[in-house]
Amino acid sequence: MTDAPFEIRAAGEDDRLPLALLFAAVAEERDGIATEPPVDLEECAARWTLEATLVAVADGEIIGLLDVDESRFGFGEIGMLVARDWRGRSVGGALLAAAIEWARDRGLHKLSLGVFAHNAAAIGLYRKFGFVEEGLRVKHYRRANGELWDRVEMGLLL
Ligand SMILES: CC(C)(COP(=O)(O)OP(=O)(O)OC[C@H]1O[C@@H](n2cnc3c(N)ncnc32)[C@H](O)[C@@H]1OP(=O)(O)O)[C@@H](O)C(=O)NCCC(=O)NCCS
């Protein structure tokens, strides 16, 4: 299982609902991404920006996603997640490597992102690829349970 194959490819029209379902599943964890339940699946699927989304696919199923929100100012902001059962098997790293290549090809000069300060897995992944911590937004996100979570800003010059 550890070496189960997966591929990284650009997202397509047929991926809308699977993307929304995976996003909603990770939102249910209330831990790694900012969005918390409920996720309106139809709306999420309809609004997804496919052009700047990479997906990881195993056995025809989407097991990870990464989207780059490209600004007009030369940087792109990343959001990403991997299905819980697939974490720790290099899927996130493969998505990030592909995104860095994509961003360089697009002529972006920088990738940036925000990550919850407690998210050791994500911070470890970003550091591994050369992202550095650029700042801390204190008590930035109010969670549904009333907690206020810090956000670490990270960036990679391309
Ligand atoms: C963060 C996330 C995308 C990482 O994806 P992944 O597929 O598990 O990551 P990989 O297996 O490719 O790991 C790559 C590197 O990340 C780091 N890493 C991964 N999991 C880690 C963990 N639990 N603790 C510390 N570092 C970790 C390591 O440097 C690892 O490299 P190594 O295998 O050589 O040690 C995944 O944990 C996830 O989807 N979490 C929930 C959603 C989320 O937090 N998204 C990010 C929001 S900013």
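The structure this text deals with has already been given above.
Here's a quick rundown of the structure. (Residues numbered from 1 in each chain as written. Predicted model: local features only at pLDDT ≥ 70, side-chain atom pairs only at ≥ 80, totals over all residues. Heavy atoms only, no water.)

Following the sequence through the fold, R89 ends up in the loop between strand 4 (75-82) and helix 3 (91-105). Despite its burial, R89 pairs with no opposite charge; the closest candidate is D85, at 6.6 Å N-O. Reaching out from R89, the side chain makes a polar contact with the backbone oxygen of D85 at a distance of 2.8 Å. (Helix = DSSP H or I, 4+ residues; strand = E, 2+ residues; numbered from the N terminus. Buried < 20%, exposed > 50% of the residue type's maximum accessible area, 1.4 Å probe, protein only. Lys, Arg positive; Asp, Glu negative; His and termini not counted. Salt bridge = Lys/Arg side-chain N within 4 Å of Asp/Glu carboxyl O. Polar contact = N/O pair within 3.5 Å; in protein donor to acceptor, adjacent residues only side chain to side chain.)

Okay, the environment of L148 next. Within the fold, L148 resides in strand 7 (residues 148-157). Distance from L148 to L54, taken between C-alpha atoms, is 30 Å for residues 94 residues apart in sequence. L148 has contacts with K139, Y141 and R142, leaving out every residue within four places of it along the chain. (Contact = heavy atoms within 4.5 Å.)

The next thing to look at is the site of the ligand. The full set close to the ligand counts 22 residues, and V82, G88, G92, N119 and K128 are the nearest of them. Take S90: an N or O atom from its main chain is 2.8 Å from an oxygen atom of the ligand. At 3.4 Å from an oxygen atom of the ligand is found a main-chain nitrogen or oxygen belonging to L125. Contact with the protein chains removes 71% of the 930 Å² of surface that the ligand exposes when unbound. Listed by contribution, the elements that provide at least two residues to the shell around the ligand are strand 4, helix 3, strand 5 (110-116) and helix 4 (120-128). For the shell around the ligand, the leading source of residues is helix 4, giving seven residues. Here the shell around the ligand is built from residues that sort into eleven nonpolar, eight polar and three charged. (Near = heavy atom within 4 Å. Areas by Shrake-Rupley, 256 points an atom, 1.4 Å probe, with all protein chains shown as cover. Nonpolar A, V, L, I, M, F, W, Y, C, P; charged D, E, K, R; others polar.)

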